[in-house]
Amino acid sequence: MAAARTSRRLWRAALAAIVLMAACSASGEEYLGRDEFLVLAFGDKPPQMHTLWLTEETRTAAKAAVGWVPVALRLRYWQDGDRTAWILEDIGRDQPITLGIAVSDQRIERVEVLAFRESRGWEIRYPFFTSQFAGLTLAPDGYLSEHVDGITGATLSVRAVERVARLALWLDAQVRS
Amino acid sequence: MRLRSRLVGLLWHWHRRVGVLAAFFAVLLAITGILLNHSSELGLDRSFVDWPWLSEAYGDAAPDLPAFQLGELWLSRASNGRVYLNAQEVAPCSGKLVGAVQSGALLLAACTQELLLITRSGELVESVTASTGLPTPLQAIGSIDSRAALQADGSWWLADLDLMEFGTRAAAGGAVISQLVPDRLPEQIRAKIPAPDQWLSWERLLLDLHSGRLFGRMGVLWMDAVAVLLASLATSGTAMWWLHRRRRQLVPDVRCS
């Protein structure tokens, strides 16, 4: 009888643990909200949001400079002195990845993955990868000033982050000039 | 000794039951895992599934593509996940297309996880997601006094498309919410939208089978549970082996004494 009772308790505990773990592991694809990113970039009082229209001229210049420009005609950014923050999207393999890039004094200060929708490559959200971008600038050839180590199995996502980082640096220079 | 025997008995009892429960999924995970590891060599990312019923299960409503008519323009979302203005591709949109509305010079296409702002000539002005402040999942879109309003979480929220603010709840009662009813996309437009059978690759299918996403959120939760069961099998198996080994080491000593 005692063994059966113990067994039932164990079974219930295991079931509760499974449900809890499953609920935790199946959390959504949105890692960070806009406001949370802005707090990370600017502290408790983020500046006002600005709008940048990507005219045909700007699009051509961006493509020539960094080789990529988003499809959207309008971008949002935040600026406080020498620091700007951008929320940009690029497609990794099939789905868009939403990234937050903070640039200060023409150097990347922070890269955050706000949302990841692909089934592979989500490792790019971790600091071991994103911290490599800190301090990088835009080289004259349109690439980042230093090499960023990739992640096996996440090549396309890594490339997307690099593209977006390059564009953020270029856009930062445009809005500050 | 008695406690150990009871523990081994209990472990055997559950190990067998959990083993039977997890066996099918362990084999499924192993096979799909091996195939995914070699998907490029096997060409699984370049070959496509030709089962219309499965495409439909993925949300591809190809036989009756829902669309919203805005004047002479039609907004629809094809099975490749992209929104089309008439036959012109605009941009990918996350989730099912739940509505469309005209707001000033812009057309708004609302998918469950994303809102697209589109010009009347089919250019994407901006895309808004939960990461950029959109309340999700969106259930509907409409307009209140010519102002765009979004339904999420059972409430209607007024959309400020300049500031990208969606935090103002529409006044309950009294307001008239205009919504478009989904219609059938005209055949002459549908014929120009790329056929849906070239998007569901075998690799995607295997990935979704491996992760359980093929069966939606519940499938993912179930595969998580299976992963926990497999881990518990490894633990109970190791524990039983260790207890059995201890017993074998102890028994000769008893005999000798």
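The coordinates are above.
Residues numbered from 1 in each chain as written. Chains lettered and ligands numbered in written order. Predicted model: local features only at pLDDT ≥ 70, side-chain atom pairs only at ≥ 80, totals over all residues. Heavy atoms only, no water.

1. Overview of the environment of E72(B)
Residue and element names in this part refer to chain B.
Step number 1: Structurally, the position occupied by E72 is in the loop between β1 (66–70) and β2 (73–77).
Step number 2: For the pair E72 and N86, spaced 14 residues apart in sequence, the C-alpha to C-alpha distance is 9.1 Å.
Step number 3: Beyond its immediate chain neighbours, meaning those up to four positions away, E72 contacts N86 and R120. (Helix = DSSP H or I, 4+ residues; strand = E, 2+ residues; numbered from the N terminus. Contact = heavy atoms within 4.5 Å.)

2. Things to note about the packing of aromatic side chains
Two numbers describe a pair of aromatic rings. These are the distance of the centres and the angle of the planes.
Step number 1: This model, assessed by the stated rule, comprises six aromatic pairs over all chains.
Step number 2: Judged by centre distance (4.6 Å) and plane angle (20°), the ring pair of Y77(A) and W86(A) falls under stacked. Per residue, the accessibility class of Y77(A) equals that of W86(A), and both read buried.
Step number 3: A ring pair is formed by F25(B) and W222(B), whose centres lie 5.5 Å apart and whose planes are at 70°; its orientation type is edge-to-face. Here the residue F25(B) occupies a position in helix α1 (residues 2–37), and W222(B) occupies one in helix α6 (residues 216–256), the gap between them amounting to 197 residues. (Phe/Tyr/Trp six-rings, centres within 6.5 Å; stacked < 30°, edge-to-face > 60°. Buried < 20%, exposed > 50% of the residue type's maximum accessible area, 1.4 Å probe, protein only.)

3. Here's the deal with the interface of chain A and chain B
Step number 1: The interface is formed by 31 residues belonging to chain A together with 38 residues belonging to chain B.
Step number 2: Buried surface at the junction of chain A and chain B, summed over both partners, amounts to about 2800 Å²; 55% is from carbon and sulfur atoms.
Step number 3: Connecting chain A to chain B are three salt bridges.
Step number 4: Across the pair E126(B) and R74(A) runs a salt bridge whose closest N-O atoms are separated by 2.7 Å.
Step number 5: Inspection of the region where chain A meets chain B yields ten residue pairs in polar contact (both at pLDDT 80 or more).
Step number 6: Put simply, the parts of the chain that give the side of chain A that touches chain B at least two residues each are α1 (2–25), β1 (49–53), β2 (74–80), β3 (83–91) and β5 (107–116) of chain A.
Step number 7: For the side of chain A that touches chain B, the element with the most residues is α1(A), which contributes nine residues.
Step number 8: Residue classes in the side of chain A that touches chain B are distributed as 18 nonpolar, five polar and eight charged. (Buried area = accessible area lost by both parts, 1.4 Å probe. Salt bridge = Lys/Arg side-chain N within 4 Å of Asp/Glu carboxyl O. Polar contact = N/O pair within 3.5 Å; in protein donor to acceptor, adjacent residues only side chain to side chain. Nonpolar A, V, L, I, M, F, W, Y, C, P; charged D, E, K, R; others polar.)

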